[in-house]
Amino acid sequence: MSSTSATTTDARPAHEEGHGHADRNARVHPLRFLARAEAALADPVLQIAIERTTGTAERKRADAVEGFPQFDKARVLGKRIKDHVIANLDHYLLAFERNAIASGAKVHWASTAGEASRIVIGLCRDAGAKRVTRSKSMLGEEIGLPHALDEAGIDRVETDLAEHIVQLGGDTPSHIIWPSMHRTREQVSAMFHASHRVPHGEETIEAMVDSARRELRDKFFSSDVAISGANFLIADTGSTCTVTNEGNAELTTSPPRVHIVTAGIEKLVPSASHAMAMLRLLVRSATGGDITQYTTLHRGPRQPGDRDGPEEFHIVLVDNGRTRMLKEGLKEMLRCIRCGACMNHCVVFRQIGGHAYGGVYPGPMGAVLTPVFDGLGAARDLPHACTLNGRCREVCPVDIPLPTLMRGWRDRSWREGLEPPAARIGIGLFAFAASRPRIFHLGTALALRVMRLFRKNGLIQRMPLLGAWTRHRDFPAPAERSFLAMYRDAQSGKTTPGSSR
Amino acid sequence: MNTSPSAVRVGFFATCLVNAMRPNVGFASLKLLEEAGCIVEVPMQQTCCGQPAFNGGDTRDAAVLARQFIEAFEPFDHVVIPSGSCAGMVKAHYEEALADDPAWAERARRLAARTHEIMSFLVDVMGYAPQGRSLVASATYHDSCSGLRELGVHAQPRAMLGKIQGLELRPLEGHDVCCGFGGTFCVKYAPISNAIVEEKAAAVERTGAQLLLGGDLGCLMNIAGKLSRRKSDVRVLHTVEVLAGMADAPAIAESR
């Protein structure tokens, strides 16, 4: 299973069945994007849950950035570190592998999601695992690991509090930092009462956390294999770095005999000091804290004389479309450190939440990534369902031009003929006229006449072709004549500018 | 009008929305530009900047419209546009739309440097401030996203509005948050757009201001249309209409 061959590159175009895990269909909601979005908009409890989490996140991030006067400089540095690594990915990957192997770790390479989860399942079987404990990892979600473990009949214990809630609910994460964002604390309380052996008495957050702790405690110590992700892969030592706020990752990875780390190849940094530079950005952008509660470095298995640590330490390096992103104009997306700031500040995400996006990663970063994993044909709505307002880029700690990358997908969708006929005809006709000024001005004059037929008290409240607008808002009745027509007449002395309306 | 040879020659691009929906914004812009000492011309070949095609993914048609725009406006010292969104298209995206053709991309780059959103042009380039204008009213201001983030339009409109006697400016909660317009987004994803603009309209109403001002007609039509549907009596105007003393026109989507 362990191999040291360089990462293979998949040559399939992105719009064919992507690198998503094999059971993709099992997790994607069957409805279309807009139907999922409408369902989310109509769910009042979800609306409360989203606003509580993202509203708090927005305020805390603003305070954290305010309290770190060098944030802009740190942001430039973070961007440069990631760009340097991405430009020298082969060098740092091989250095990381060499140093990880020297520490006693076993390094595995997976070019697709399916391959990655098969490697992990194989390692669990080799270890004779009946129970595995997992600490939260979005890469694990990306490669379909929860589902694969369940399919393999291995008892999977999610130890992150929010992931525990997701597991109890039998659904999927709706946010990359707060996976159970879609649940209110009132709903979580009911879930704990229904499923925990000794549920909380008092309805407080502390009592609920204690309830989860009681439920999970013995499972930490009876686990055969620990599976974690990594926030950073440190090339010069072969270490992996994980940051958490609950300490569950540390308790997850310490007792079991085998520890498996799964990580995307873009997580590389040259050294631990580079990781710390990135960490300053990550924590402020994600939770608005000054530092994470736990920052843990793992390097290799237990050595002679060590008091604890796993006997086997495996690292699964996952490509899953990343090298293809490098070649296909998405290399800036590889800077992403998965902080979630873009979604916390996205007007669309804050209305529809994470599940409506239908992919593993929601929000602006998900709208760029999901077409890579699921194919543009399946995910073309996501980069379109964005107002291109640029706030995501403004708060991105590594300055990823998310709107530009989303527009890149739109461009590709147009070229590959994936756009629906209405959009093609609409934009095509408009562009045809707009590139012929005389026709455009005639068309404008005609449109103004037609629209004025529908006006009532200066407003248009219903009109054919305007339904999507007028269902929700009034449309102003247009002027009698266009600006250019009035201006031309004024220039030739017929009327005075501004006098005719 | 200043007609000395050194006077700044401005080509005014009305935008297709102002052209069709609200000529008053165009005439108010001309008035301000002339007050600022510019010689203003309005090329008749102008249509649309190409942004709907560009953002829809139709980069080829966007490039056709970009070339047409460049040819029409290259002769001027400056190009001025009463919209951060359309000015942002010319300044921030034409070069990208024409990237396949280095000669055109270079022309785009040069024109971008001379293209301005009107409020930043008036303040930053012409050092203009309205004089002797008054409007006794309370107003709040929405920062449209392209103008704010692509062009840095934020202080200029507030500085000019501060010179209008009797006008009280009230802060708007979420003034820098998108209103949900997003061009074709507002009709393609109408329910999401509606939910966003509902929140914007509610925030505007909470200020208690009589006027909502902004610099982009698309956003203003979106917010005004929602306020109207909510039976709100907030009047929505483009900032140049207030600055030029032309705020007596019926407001955007005001029933009458």
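Numbers given to residues run from 1 along each chain, matching the order in which its sequence is written. As they are written, the chains are lettered A onward and the ligands numbered 1 onward, keeping that order. In keeping with the predicted nature of the model, local features appear solely for residues at pLDDT of at least 70, side-chain atom pairs appear and are counted solely at 80 or more, and the whole-chain, interface and lining totals rest on all residues.

Enquirer: Would you mind going over the overall build of chain A in detail, with residue names and values included?
Expert: Helix numbers and strand numbers start at the N terminus; a helix is a DSSP run of H or I with at least 4 residues, a strand a run of E with at least 2. Counting its regular elements, chain A contains 25 helices and 12 strands. The dimensions of chain A, computed from C-alpha atoms along their principal axes, are 95 × 55 × 45 Å. Residues are scored as being in contact if the C-beta atoms we place from backbone atoms lie within 7 Å. Sequence-distant contacts in chain A: of pairs separated by 6 or more residues, those separated by 24 or more amount to 74%.

Enquirer: Explain the sheet that holds strand S3 (residues 78-81) of chain B residue by residue, including any values.
Expert: Residue and element names in this part refer to chain B. Think of it this way: DSSP has to see at least two bridges between two strands before they count as a pair. Ordered in space as S2-S1-S3-S4, the four strands form an open sheet in which the pairing is parallel. Two strands bound the open sheet, and with one partner strand each, they are strand S2 (38-41) and strand S4 (115-117). Across the sheet, the mean angle separating the axes of adjacent strands is 35 degrees when strand polarity is ignored. Where strand S1 (residues 8-12) and S2 come together, four bridges link them in parallel fashion. The residue bridging Gly11 from the neighbouring strand is Glu41, located in S2. Each of S3 and S4 touches helix H7 (residues 118-125); the most contacted strand, S4, lies at about 105 degrees to it. Lines fitted to the C-alpha atoms define the axes, with helices restricted to the stretch that makes contact. Angles between their N-to-C directions range from 0 to 180 degrees.

Enquirer: Tell me what's going on with the domain arrangement of chain A, and back it up with residues and numbers.
Expert: What counts as a domain boundary in this text is fixed by an automatic or database domain assignment. As far as domains go, chain A holds domain 1 (24-324) and domain 2 (436-491). Look at where the C-alpha atoms of domain 1 of chain A and domain 2 of chain A centre, and you get two points 53 Å apart.

Enquirer: Residues and numbers for the sheet that holds strand S3 (residues 155-158) of chain A, please.
Expert: All names here are of chain A. Spatially, six strands are ordered S1-S10-S7-S4-S2-S3 in an open sheet, and the strand pairing comes out parallel. With one partner strand each, in any of the chains shown, strand S1 (106-110) and S3 form the two edges of the open sheet. Neighbour-to-neighbour, the strand axes of this sheet turn through a mean angle of 20 degrees, independent of strand direction. Bridge count between strand S7 (residues 258-264) and strand S10 (residues 312-318): seven bridges; the pairing is parallel. Among the inter-strand pairings, Gly264 is bridged to a residue of S10, identified as Val318.

Enquirer: Quick one: what's the story with the nonpolar core, residue by residue and with numbers?
Expert: What we call a nonpolar core is a set of buried Ala, Val, Leu, Ile, Met, Phe, Trp, Tyr and Cys residues whose membership is set by joining through C-beta atoms within 7 Å. Exposure criterion: with C-beta atoms placed from backbone coordinates, a residue whose C-beta has 20 or more other C-beta atoms within 10 Å is buried, one with 12 or fewer is exposed, and one in between is partly exposed. With 222 residues, the main nonpolar core has Val316 of chain A together with Ala66, Ile223 and Val236 of chain B as its most contacted residues. Ile223 of chain B has contacts with His142, Cys179, Val197, Lys200, Ala201, Val204, Leu212 and Val236 of chain B, leaving out every residue within four places of it along the chain.

Enquirer: If you had to explain the pairing of S7 of chain A to someone new, which residues and values would you point to?
Expert: All names here are of chain A. The element S7 is extensively covered by neighbouring structure, given that seven of its seven residues are classed as buried. Taking every second residue as pointing to the same face, both faces of S7 are buried, with Val258, Ile260, Thr262 and Gly264 on one and His259, Val261 and Ala263 on the other. Summarising the sheet, strand S4 (residues 225-228) and S7 pair through four bridges and their orientation is parallel. Following the sheet pairing, Ala226 is matched in S7 by His259.

Enquirer: An account of the interface of chain B and chain A is requested, with residue identities and associated values reported.
Expert: In this complex, chain B contributes 62 residues to the contact, which on the side of chain A involves 55 residues. Contributing elements (two or more residues each) for the side of chain B that touches chain A: helix H1 (16-21), helix H2 (23-35), helix H3 (51-55), helix H4 (59-73), helix H8 (145-151), helix H10 (185-188), helix H11 (190-207) and helix H12 (217-229) of chain B. Tallied by class, the residues present in the side of chain B that touches chain A amount to 35 nonpolar, 17 polar and 10 charged. Only Asp, Glu, Lys and Arg are considered charged in this grouping, and only Ala, Val, Leu, Ile, Met, Phe, Trp, Tyr, Cys and Pro are considered nonpolar; every other residue, Gly among them, is considered polar.

Enquirer: Explain the domain arrangement of chain B residue by residue, including any values.
Expert: All names here are of chain B. Each assigned domain of chain B is listed with its residue range as follows: domain 1 (8-124) and domain 2 (129-243). Each of domain 1 and domain 2 was reduced to a C-alpha centroid, and the two centroids are 22 Å apart. Taken together, the contacts link 29 residues of domain 1 with 22 residues of domain 2. Looking at the side of domain 1 that touches domain 2, the elements that each hand over two or more residues are H1, H2, H3, helix H5 (84-97) and H7. Grouping the amino acids of the side of domain 1 that touches domain 2 by side-chain chemistry returns 14 nonpolar, 11 polar and four charged.

Enquirer: Which residues make up the packing of helix H9 (residues 161-169) of chain A against helix H10 (residues 185-195) of chain A, and what are the values?
Expert: Residue and element names in this part refer to chain A. The geometry of H9 relative to H10 is characterised by a closest axis approach of 11 Å and an angle of 65 degrees between their N-to-C directions. As judged from the angle between their axes, H9 and H10 are roughly perpendicular. The chirality of how H9 crosses H10 is left-handed. Together, Ile165, Leu168 and Gly169 of H9 and Val188, Met191 and Ser195 of H10 make up the contact between the two elements. For the contact of H9 with H10, the class distribution of residues is four nonpolar, two polar and no charged. Oblique is the label for every angle not falling under 35 degrees (roughly parallel), over 145 degrees (roughly antiparallel), or within 65 to 115 degrees (roughly perpendicular). Should the near helix be turned anticlockwise from the far one by less than a right angle, the crossing is left-handed, and should it be turned clockwise, the crossing is right-handed.

Enquirer: So, unusual backbone geometry: which residues are in play, and what are the values?
Expert: For residues besides glycine, phi is generally negative; the peptide bonds are generally trans as well. Residues and elements named next belong to chain B. A positive phi angle is found at Thr15, which is not glycine, with a value near 85 degrees. Examined against the element boundaries, Thr15 turns out to sit in the loop between S1 and H1. Phi is positive for Ala253, which is not a glycine, with a value near 55 degrees. Among the structural elements, Ala253 can be located in the segment after helix H13 (239-243). Ala253 gets classed as buried once you count the C-beta atoms within 10 Å, which come to 26.

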